[in-house]
Protein chains: 2
Amino acid sequence: MYPIIPDHLENEIALRTEEIHSQLERHELDAVLITSNANIFYASARYFRGYILVTRESAPIYFVVKPSQLEGANTVYIRKPEQIPDEMAKLGIPIPAAIGLEYDAMTYTEIERLKKVFAASEIRNGSGVLRNARMVKTEYEIEQMKEDARHQMAVYERIPKLWVEGMSDVELQIAIEHDLRLEGALGYTRTFGAQMEINCGSLLVGDNADVPSPYDFSMGGEGMSPALPVGASGEIIRTGMTVMVDMSGAFNGYQSDLTRTWRVGDVPEIAMKSHECSRRILREMEAMARPGVMTCDLYNRAMEIAGEEGLADYFMGHCQQVAFIGHGVGIDLNESPVLTPRGKEKLEAGMTIAIEPKFVIPGVGATGVENTYVVREDRLENITNFPEELANLE
Amino acid sequence: MYPIIPDHLENEIALRTEEIHSQLERHELDAVLITSNANIFYASARYFRGYILVTRESAPIYFVVKPSQLEGANTVYIRKPEQIPDEMAKLGIPIPAAIGLEYDAMTYTEIERLKKVFAASEIRNGSGVLRNARMVKTEYEIEQMKEDARHQMAVYERIPKLWVEGMSDVELQIAIEHDLRLEGALGYTRTFGAQMEINCGSLLVGDNADVPSPYDFSMGGEGMSPALPVGASGEIIRTGMTVMVDMSGAFNGYQSDLTRTWRVGDVPEIAMKSHECSRRILREMEAMARPGVMTCDLYNRAMEIAGEEGLADYFMGHCQQVAFIGHGVGIDLNESPVLTPRGKEKLEAGMTIAIEPKFVIPGVGATGVENTYVVREDRLENITNFPEELANLE
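As a convention, each chain's residues are numbered from 1 in the sequence order in which they are written. Written order determines the labels here, with chains lettered from A and ligands numbered from 1. Reporting of local features is limited, given that this is a predicted model, to residues whose pLDDT is at least 70; pairs of side-chain atoms are given and counted only at 80 or more, and all residues count toward the totals for whole chains, interfaces and linings. Only hydrogens and water are set aside when side-chain values are computed; all heavy atoms of the structure are taken into account.

Topic: the packing of aromatic side chains
- In this scheme Phe, Tyr and Trp rings, the latter by its six-membered ring, pair at centre separations within 6.5 Å, and the angle between planes marks the pair as stacked below 30 degrees, edge-to-face above 60, and tilted otherwise. What the rule picks out here adds up to 15 aromatic pairs over all chains.
- A ring pair is formed by A:Tyr215 and B:Tyr47, whose centres lie 5.2 Å apart and whose planes are at 35 degrees; its orientation type is tilted. Residue A:Tyr215 is found in the loop between strand E9 (201–205) and strand E10 (242–247), and its partner B:Tyr47 is found in the loop between helix H2 (37–44) and strand E3 (49–55); the two belong to separate chains. Here A:Tyr215 matches B:Tyr47 in class, with each residue buried. Secondary structure elements follow DSSP: runs of H or I no shorter than four residues count as helices, runs of E no shorter than two count as strands, and numbering proceeds from the N terminus. When a residue's accessible area, from a 1.4 Å probe over protein chains only, is under 20% of the maximum for its type it is buried; when over 50% it is exposed; and in between it is partly exposed.

Shown next as structure tokens:
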């Protein structure tokens, strides 16, 4: 047996629980029942199969289905969710008047089942409670992400040594994945939304960067199979192309998100220019982004700069463009807020956002830089401090 | 632009559509609206973001959101599902009286949205339509899985060469992953159920095999982080231990599922015995499993054999045991049918099932073999024909 919440994380979990409490108040809910993997991990710092009930009145209750060896205060083993009300009664916890369930993360079948379990309650969508709670990170969470970034940067520093002339994009990607895994990457990218699928991230070279993909990642690529049409496709890396690396920063349950681009020998002037434009946009975002700023204002300013430089047709894709320039990052690769044309969310201190102004230049490849930042009162803190130049891989 | 269904797959898609039609009839539905990734891939042989409407009356309609470059008969671009009824009207297709939606695969939020789109129809769970259609494979699908198995076996043959004395389980797993990727593995394991998470599969050594995991995989393991508690944990591979490899056979959108176990030097008699018991169970399953046989009968016979040999306490886990000995495999790693104590499903010709009688021996590790089979009229066809002995890695 081992403790469901280890001693050294008790204060941390208390902070997160407070955050959930304040979101319950804002959403006018008495409780939320958590069961999606990412939210279980947020609320307990581990993944287990089961349910966490957070009410405004009491400490969280951990209803565990699996694994069989957890113990601790308020830890109750169940076989199925139908046992939850009885177990609550035994603990003297009243059935909440209004309870939130994770409508945005769980299947229709699972939610319908849970609705029957709480038939006496008013039931509403509780996904926003967790989404908002997770959006602002604790200092512990930020430390985890900084650790991710340190490992990720150690690997990125070795990328020029991993490249061998004549390699395909897939071969270089596999070499980087291998290095990431040896550095401690978990090899699994947790994303929000069942329709996002990716392995250890993406590497894009030449015209493959311009192949539209069905996924909501910032860039496309044909991939290796119509079954998983994203990223590297087997294109040989040649002189005159760019190599964009946007690979996994997932080492500990959190993630950093970091893109760097290299060139192979000389690339056309427009590739150099667009890459510098990405950096100019990042500097502008770093100057603008403060608590209270609306996410749409960041997006629109970035678009404006791309337009000023005559690069709007290549910004955030070319054959297929996406309408965001950044997103929250943390437990999931894609969290709130998203920096979109009409995003009305306001930045808050403690948010962690990846900003990725990228371009696709036909015949050359993708250009641009992505950094992960912490929103601080007086600055954007870059946790991915790594050279940004379009350096020559040769 | 490229065709949504390439010429060489038109007959194949027609076969799958027929299969869906016959399931619609069985489920008394007029249509099903497909949108989950695995089912989109089944119904079109590619993944795109959007919806496929299969009605009993007309050819499938492909409502594509992304990517932007598909074309073909009955291919309609939409931005959002609310456009579907209007587009159906333009095509002269009536709104179905009873439509199935993927309750078991899509979120509550997405299904509620689609229910509004089809407010005039009777709406029921359509997940079973696709689950049943996919359960019986076409010969083309079986060929894909055989190709997966050939690649996977080529890698497994190299495992003894990848092992270096003093390696940890994680290091050997990374070496095998690297080899799998170079062999063409996609590096992503599609599973059914948002709560299943794994990278390229699992490698278990020594007592880590006995650590319970929250996931519904056959075996456990502590993993590298409480965020992803499954599989290899950093345990050093030592003499007297077993090394169980259950890693990715996903090369083309389908998967083969293959487990082999090695020993390091001499292992206790009970490890050798349990491994041979696994093989005995497989031979028995190969003799029994024919169209018409109930899945529970296979499970119960396997349990009986493990009991006869005095190995019930170690069968399908030790500290935490699971109640299945096999499962369908195809696009998802875990498909129907599942071989459980009370499974009333009957085998049918063309089903592809992985059978994995495994043991966990405390102090030693996991033992046993997993093969992927095609159910034929007169036999189980093993597509993972690879030596089964508990061979010495040294």
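A word on the pattern of salt bridges
Residue and element names in this part refer to chain A.
- A pairing counts as a salt bridge when a side-chain nitrogen of Lys or Arg comes within 4 Å of a carboxyl oxygen of Asp or Glu. Here the structure, examined in full by the defined rule, presents 67 salt bridges over all chains.
- For the salt bridge of Arg 379 with Glu 381, the shortest nitrogen-to-oxygen distance reads 3.9 Å.
- On the accessibility criterion, Arg 379 (39% relative accessible area) is partly exposed.
- Here the residues in one salt-bridge network are Glu 139, Lys 146, Arg 376, Asp 378, Arg 379 and Glu 381, joined through shared partners.

Considering the domain arrangement of chain A
Residues and elements named next belong to chain A.
- Per the domain assignment, the segments making up chain A are domain 1 (2–134) and domain 2 (139–392).
- Here the C-alpha centre of domain 2 lies 34 Å away from the C-alpha centre of domain 1.
- We call two residues in contact whenever any of their non-hydrogen atoms come within 4.5 Å of each other. Contact with domain 1, which involves twelve residues of that partner, is made by eleven residues of domain 2.
- As used here, buried area is the combined drop in accessible area, with a 1.4 Å probe, of two parts when they are placed together. Interface area for domain 1 against domain 2, summed over the two sides, is near 980 Å², with a carbon-plus-sulfur share of 55%. Per the annotation, domain bounds derive from an automatic or database assignment of domains.

Let's talk about the layout of surface pockets
- In the cavity and pocket records, a cavity denotes points on a 1 Å grid over the protein atoms alone where a 1.4 Å probe fits but cannot get out, a pocket denotes an open set with protein on both sides within 12 Å along at least 5 of 7 lines, and lining residues are residues with an atom within 4 Å of a point. Grid points are joined across faces, edges and corners, and a volume is the space filled by probe spheres set on the points. There is about 400 Å³ of room inside the second largest pocket.
- Surrounding the second largest pocket, 27 residues form its lining, A:Ala45, A:Arg46, B:Ser225, B:Pro226 and B:Ala227 being those nearest its centre.
- At the level of elements, helix H2 (37–44) and helix H6 (139–162) of chain A are the ones that each hand at least two residues to the lining of the second largest pocket.
- Here the residues of the lining of the second largest pocket are counted per class, giving 18 nonpolar, six polar and three charged. Polarity classes work like this: nonpolar for Ala, Val, Leu, Ile, Met, Phe, Trp, Tyr, Cys and Pro, charged for Asp, Glu, Lys and Arg, and polar for all others, with Gly in that last group.

A closer look at the sheet that holds strand E19 (residues 391–392) of chain B
All names here are of chain B.
- Only strands joined by at least two bridges in the DSSP assignment are considered to pair. Strand order in this open sheet of four strands is E9-E10-E11-E19, and the pairing throughout is mixed. Edge positions in the sheet fall to strand E9 (201–205) and E19, since each has one partner strand and no second.
- Note that strand E10 (residues 242–247) and strand E11 (residues 260–263) share four bridges and pair antiparallel. When the sheet's bridge partners are listed, Val 243 is paired in E11 with Trp 262.

Considering helix H4 (residues 108–117) of chain B
- All buried positions along H4(B) are accounted for by B:Tyr108, B:Glu110, B:Ile111, B:Leu114 and B:Val117.
- In this fold, the buried residues of H4(B) make contact with helix H4 (108–117) of chain A together with strand E2 (31–34), E3, helix H3 (84–90) and strand E7 (98–101) of chain B.

A few points about the relation of the copies chain A and chain B
- Alignment of copies: least-squares fit on C-alpha atoms of residues with pLDDT of at least 70 in both copies. Placing chain A over chain B gives an RMSD of 0.0 Å and needs a rotation angle of 180 degrees, together with 0.0 Å of translation along the axis. Taken together, the rotation and translation describe the operation of a two-fold axis.

Description of the state of the cysteines
Residue and element names in this part refer to chain A.
- For the purposes of this analysis, a disulfide is any pair of cysteine sulfur atoms at a distance within 2.5 Å. Applying the stated rule across the entire model yields zero disulfides over all chains.
- Not part of a disulfide, Cys 277 finds its nearest cysteine sulfur in Cys 319, a span of 20 Å.
- On the basis of relative accessibility, which here comes to 1%, the residue Cys 277 falls in the buried class.

Considerations on the sheet that holds E7(B)
Residue and element names in this part refer to chain B.
- A sheet is described by the order of its strands in space; here six strands give the open sequence E6-E4-E3-E2-E7-E8, paired in mixed fashion. A single partner strand is all that each edge strand has here, and the edge strands are strand E6 (75–77) and strand E8 (122–125). On average, each strand axis in the sheet is inclined to that of its neighbour by 25 degrees, with strand direction left out of account.
- Lines fitted to the C-alpha atoms define the axes, with helices restricted to the stretch that makes contact. Angles between their N-to-C directions range from 0 to 180 degrees. Seen against the sheet, H2 touches E2, E3 and strand E4 (61–66) and runs at an angle of roughly 55 degrees to E3.

A few points about the pairing of strand E17 (residues 371–375) of chain B
Residue and element names in this part refer to chain B.
- Within E17, five of the five residues are buried, leaving the element largely enclosed by the surrounding structure.
- Residues Asn 371, Tyr 373 and Val 375 point to one face of E17 and Thr 372 and Val 374 to the other, with burial holding for every one of them.
- When strand E14 (residues 352–355) meets E17, the two strands line up antiparallel, connected through four bridges. Pairing of Ile 355 across the sheet is with Asn 371, part of E17.
- When E17 meets strand E18 (residues 380–382), the two strands line up antiparallel, connected through three bridges.

So, the packing of helix H1 (residues 10–26) of chain A against helix H5 (residues 127–135) of chain A
Residues and elements named next belong to chain A.
- Viewed as axis vectors pointing N to C, H1 and H5 meet at an angle of 135 degrees, and their least axial separation amounts to 9 Å. What the angle tells us is that H1 and H5 run oblique. Along this stretch, H1 crosses H5, giving a crossing that reads as right-handed. Between H1, through Glu 19, Ile 20, Gln 23, Leu 24 and Arg 26, and H5, the contact on the second element is made entirely by Val 129, Leu 130, Asn 132 and Ala 133.
- Of the residues that constitute the contact of H1 with H5, the class distribution is five nonpolar, two polar and two charged. Any angle between 65 and 115 degrees counts as roughly perpendicular, while under 35 counts as roughly parallel, over 145 as roughly antiparallel, and the rest as oblique. Crossings are classed by handedness, with left-handed meaning an anticlockwise turn of the near helix from the far one by less than a right angle and right-handed meaning a clockwise turn.

Considering the side chain of B:Glu177
- Positionally, B:Glu177 belongs in helix H7 (residues 169–183).
- There is a polar contact of 2.7 Å between the side chain of B:Glu177 and the side chain of A:Arg181.
- The contact partners of B:Glu177, leaving out residues within four places of it in the chain, are A:Arg181, B:Asn199, B:Cys200 and B:Met247. We define a polar contact as two N or O atoms separated by no more than 3.5 Å, with the added condition that, inside protein, one atom must be a possible hydrogen donor and the other a possible acceptor, whereas residues neighbouring each other in sequence contribute only through side-chain atom pairs.

Here we look at the pairing of E4(B)
Residues and elements named next belong to chain B.
- Counting buried residues along E4, five of its six residues qualify, which places the element largely inside the surrounding structure.
- Relative to E4, E3 runs antiparallel, the two sharing five bridges. The residue of E4 that forms the bridge with Arg 49 is Lys 66.
- Bridge count between E4 and E6: three bridges; the pairing is parallel. Its bridge partner being in E6, Val 64 is matched across the sheet by Tyr 77.

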